[in-house]
Amino acid sequence: MKIIKFGGTSVANAQRIEQIANIISNYYKNDKLVIVVSALSGVTNLLEKCGNDALTGANAYTISLKEIEEKHFEIISKLVEAKNRSEIAAKIKMLCNEAEDICNGISILGEYSARSKAKLLSLGELMSSNLISCALNHLGHDNIWLDSRNIIKTDNTYTSAKVDYTTSEINAKKAFENITRITLMPGFIASNAINETTTLGRGGSDFTAALIANFINAERVDIWTDVNGMLTASPKIVSSAYTIPSISYEEAMELSHFGAKVIYPPTIQPAMEKRIPIMIKNSFDPEHTGTLISETSEADGSNIKGFSSIDNISLINISGSGMIGIPGFAMRTFKALSEADINVYLITQSSSEHTISVGIASCDANSAVQKLNEEFEIEISRHKVNKATSENNLSIVAIVGDKMKHSVGISGRAFKLLGDNGINVRAIAQGGTERNISVVISEKDTKKALNALHDGFFLSKYRKVHLFAIGLGTVGGTMLDQLNEQFEYLRNEYSLEIRLAGIANSRKMLFNEDGINLATFRNDLENSDIKMDLGKFVETVKEMNLRNSIFMDNTASADIAEIYKPMVELKIPVVASNKIMASSPLEKYIAFKQAAKKNNVMFLNETNVAAGLPVLKTIEDLVASGDKITKIQAVLSGSLNYIFNNISETVSFSEAVIKARELGLTEPDPSIDLSGLDVRRKILILARTSGYNIELNEVDKNDIVPEKELQATNFDELLKNLEANNAQIENIRKDAHNSGKKLRYVAEYNNGKAVTGLQAVDSTHPAYNLDGMDNIILLYTRRYSEQPLVVKGAGAGPGVTASGVFADVMRLANN
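Just so you know, these numbers come straight off a predicted model, no measurement behind them.

Parameters at a glance
- Residues numbered from 1 in each chain as written.
- Predicted model: local features only at pLDDT ≥ 70, side-chain atom pairs only at ≥ 80, totals over all residues.
- Heavy atoms only, no water.
- Helix = DSSP H or I, 4+ residues; strand = E, 2+ residues; numbered from the N terminus.
- Buried < 20%, exposed > 50% of the residue type's maximum accessible area, 1.4 Å probe, protein only.
- Contact = heavy atoms within 4.5 Å.
- Lys, Arg positive; Asp, Glu negative; His and termini not counted.
- Charge placed at Lys NZ, Arg CZ, Asp CG, Glu CD.
- Phe/Tyr/Trp six-rings, centres within 6.5 Å; stacked < 30°, edge-to-face > 60°.
- Polar contact = N/O pair within 3.5 Å; in protein donor to acceptor, adjacent residues only side chain to side chain.
- Pairing = 2+ DSSP bridges.
- Core = buried A, V, L, I, M, F, W, Y, C linked by side-chain atoms within 4.5 Å.
- Salt bridge = Lys/Arg side-chain N within 4 Å of Asp/Glu carboxyl O.

Caption draft 1: Spotlight on the overall build of the protein chain. Counting secondary structure elements, the protein chain contains 29 helices and 28 strands. Over its C-alpha atoms, taken along the principal directions, the protein chain stretches across nearly 115 × 75 × 50 Å. Each of the 815 residues in the protein chain was classed as buried or not, and the buried ones make up 53%. Considering only contacts within the protein chain whose residues lie at least 6 apart along the sequence, 73% involve residues at least 24 apart. Averaging the positions of the 86 positive and the 97 negative side-chain charges in the protein chain gives two centres separated by 2 Å.

Structural data, given as structure tokens:
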């Protein structure tokens, strides 16, 4: 015998009932079936509204009752032939009249007792089960209707009644002794010893099905609902959640108790007791395999089965030195809460016995604090125990899996994922079975936490990273174009999905949690109505609160560098091609680096020097391995190298500058390159990365062009000044050429002194054959004292710089 339960959405209308008739047809013809049904979708809520409206004295309940009646009559008109409608129509009308009588009584007496509520709410299942029984008979599935109240007996709690298992089992065995093909009965409802109607609590139709299965030793329980089984997380919170094919009773119980609403928690116990499998299926997608709940779950390569959460939690804390070593405090705590009818979701106590914390529903927080302060009134007055306190706006997130007990490092990994995303854990609880690890966090972090955990334990097909980018010029725009080109490759080869969550330029900004289209981001930003505001940019990033976020700066703006510290304080790592922060005054730079370290996030600025060449990472690795940088020689400006490689008798200095600017090799303002400021910043960054604390004003320079002539208000004015220096630069070039030398703008750090300037180098110098826009860096160390470690390659250009930024983003994404 099989028990089949159909939920409210599965029987919501005539079309859905026709669908369940098709589902029933797919069971073997010789199967004996017990069908349990819920009220039609929305009817229980309407009946509850009727009771509440009646209590206020308003007659609005008559409108809701009319809606309920019409909902049922509409199905009758579509599924039952006109000549056969009178009996079922009369039954529905009688039940609606009974509902109206109950509401009238509530209104007159001004009292809405648990007994009245149970009686009123039970009518939803009585209407639906009678209607569906009649409809199935007309659709070719002959069945008999049984009243659950004659089988399942309970105490007098009425609205969440406790089942009398012994009596109910006797009744069930007798009722189903001579069962034919199909029996149909209402879920949710029962009765007490004197046959008063009681209910099993919201969601109790699942429980009804499991109880009947237990009483008659059914082969299986099939619960048909509106989702494809139990999922690894709530799909409303974690978009990548997927169906769990197989799960143990214990795992299912843990997930359902902690917010997975697919199955009513008490349902599992009766089935587990008799080892009866439960299959959860989707009536909207009957071909889907669904979830099988049984003794053991099939191996799927993961130690974690799923994640769930409960919102609106408060953490009640009781502490005090008078608790240490004194027995009975925990007992008194739970006794006080029990007497106040307060359910405890989570318990944790430090080994010092100084503090007890309990997680409860926020609606009970004030009552809990009051009751505990009353219980410990004497101890509080003697300053042995502090007054109970309440922390609100919290959530409990649960990590569930049978195999966690035999796996080392699950907790550590979970806490690292939460910590990396800036999520503070307020309390932790783990049972002796190690099947459930529960953490209490801020409610605002619930979505981020569930997604981070789901991604981090490889339960998501793709690990999602959220990128916030400012600066969409030659480097920033090129980097996003490269990301667009690589998007599918990263998904397929790295299971990585980098979403562009926010972008901005100097005029506008745009945000989208689901990702801005990488193919159209320029137009999308141009069409945005949001004006650029740095403060609002940071605030929006904070409010979005997305896991695995990265901030990327591809500007040359000092203002943008100012938001690095707020970003790392949000636990968001920073990637920057912008050199401003790394070359800022030492005190400011150190404060930022300390903030990043304190918040355990990275600052990656590889492209600050030599575009995409791995210079800074190489120095960091050398220093970390115990080596010491003693001297640095470098040609660090790809733009200046290009300029001095291209000037000749036919190409003047100013013409070479124009060409370099057109190719995107210089800064937007070429005077930065020509002044040597860019190179000074780079040698400063190299020295600081090597462990030397120097300031920018300590880097000496030899000017290419007099500084006053670089202080132009626009490029045309600058160009005019450069043209005036063409002859002088040509003389310098000619002298070098006649001596068999080439012009290179060289930076050097040695013995605590940094200097930059134009030099004529001969063929023995490593920079002599430096082509085009190439850079070269010679690192002399204690280990590389005679022959330096040389890094050489393209050191300018939007493509190579963008690829370096991309590499930094990937380094963080894979961290």
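Caption draft 2: Broad picture of the packing of aromatic side chains. Enumeration according to the criterion identifies 15 aromatic pairs in this entry. Between Phe468 and Phe511, the aromatic rings sit 6.5 Å apart at their centres with planes inclined by 50°, giving tilted as the arrangement. One end of the pair, Phe468, is in strand β17 (residues 463–470); the other, Phe511, is in strand β19 (residues 509–511), and 43 residues separate them in sequence. Given a relative accessible area of 0%, Phe468 falls into the buried group. Judged by centre distance (6.0 Å) and plane angle (45°), the ring pair of Tyr564 and Phe603 falls under tilted. Highlighted residues: Tyr564 in helix α19 (residues 564–569) and Phe603 in strand β22 (residues 603–604), separated in sequence by 39 residues. Judged by relative accessible area, Phe603 falls into the buried class, the value being 8%.

Caption draft 3: Quick peek at the side chain of Arg435. Mapped onto the elements of the fold, Arg435 is located in the loop between β15 (427–430) and β16 (436–442). In terms of polar contacts, Arg435 uses its side chain to reach the side chain of Asp402, at 2.5 Å. Excluding its chain neighbours within four sequence positions, the residues that come into contact with Arg435 are Glu250, Glu251, Glu254, Ile399, Val400, Gly401, Asp402 and Met404.

Caption draft 4: Structural view of unusual backbone geometry. In this structure, His383 takes a positive phi of about 60° despite not being glycine. Tracing the backbone shows His383 in the loop between α12 (377–381) and β14 (389–400). For His383, a relative accessible area of 70% corresponds to the exposed category. Positive phi, close to 55°, is recorded for Asn751, a residue that is not glycine.

Caption draft 5: The arrangement of the pairing of strand β27 (residues 774–781) in detail. The buried count for β27 comes to eight of eight residues, which makes it a mostly enclosed element. Residues Asp774, Ile776, Leu778 and Tyr780 of β27 are buried on one face, and the alternating residues Asn775, Ile777, Leu779 and Thr781, pointing to the opposite face, are buried as well. Inspection of the sheet shows strand β23 (residues 629–635) paired to β27 by six bridges, in the antiparallel sense. Bridge pairing in β27 links Lys631 to Tyr780. Here β27 runs beside strand β28 (residues 789–794); their pairing, made up of six bridges, is antiparallel. Bridge pairing in β28 places Ile777 opposite Val791.

Caption draft 6: Here's a closer look at the nonpolar core. Counting 81 residues, the largest nonpolar core has Phe537, Phe551 and Phe653 as its most contacted members. In terms of residue count, helix α25 (residues 677–689) provides more of this core than any other element does, six residues in total. Non-local contacts of Phe551, meaning those with residues more than four positions away in its chain, are made with Phe468, Ile470, Phe537, Ile560, Ile563, Tyr564, Met567, Ile572, Pro573, Val574 and Val575. The next biggest cluster of nonpolar side chains, apart from the first, holds 51 residues, and it includes Ile75, Val80, Cys96 and Leu126.

Caption draft 7: Structural view of the side chain of Lys153. The topology assignment puts Lys153 in the loop between β3 (144–145) and α6 (165–175). There is no salt bridge for the buried Lys153, and the closest opposite charge comes from Asp147, which lies 8.8 Å off by N-O distance. Within the structure, Lys153 has its side chain in polar contact with the side chain of Asn195 (distance 2.6 Å). Ignoring sequence-local partners within four residues, the contact set of Lys153 consists of Lys162, Val163, Asp164, Thr167, Ser168, Asn171, Ser191, Asn192 and Asn195.

Caption draft 8: Main features of the sheet that holds strand β7 (residues 220–225). The eight strands are arranged β3-β4-β2-β1-β7-β9-β10-β8 in an open sheet whose pairing can be described as mixed. Two strands lie at the open edges of the sheet, namely β3 and β8 (246–248), each paired on one side alone. As defined by bridge partners, strand β9 (residues 278–282) adjoins strand β10 (residues 291–294) across three bridges and the pair is classed as antiparallel. Bridge assignment links Met279 to a residue of β10, and that residue is Leu292.

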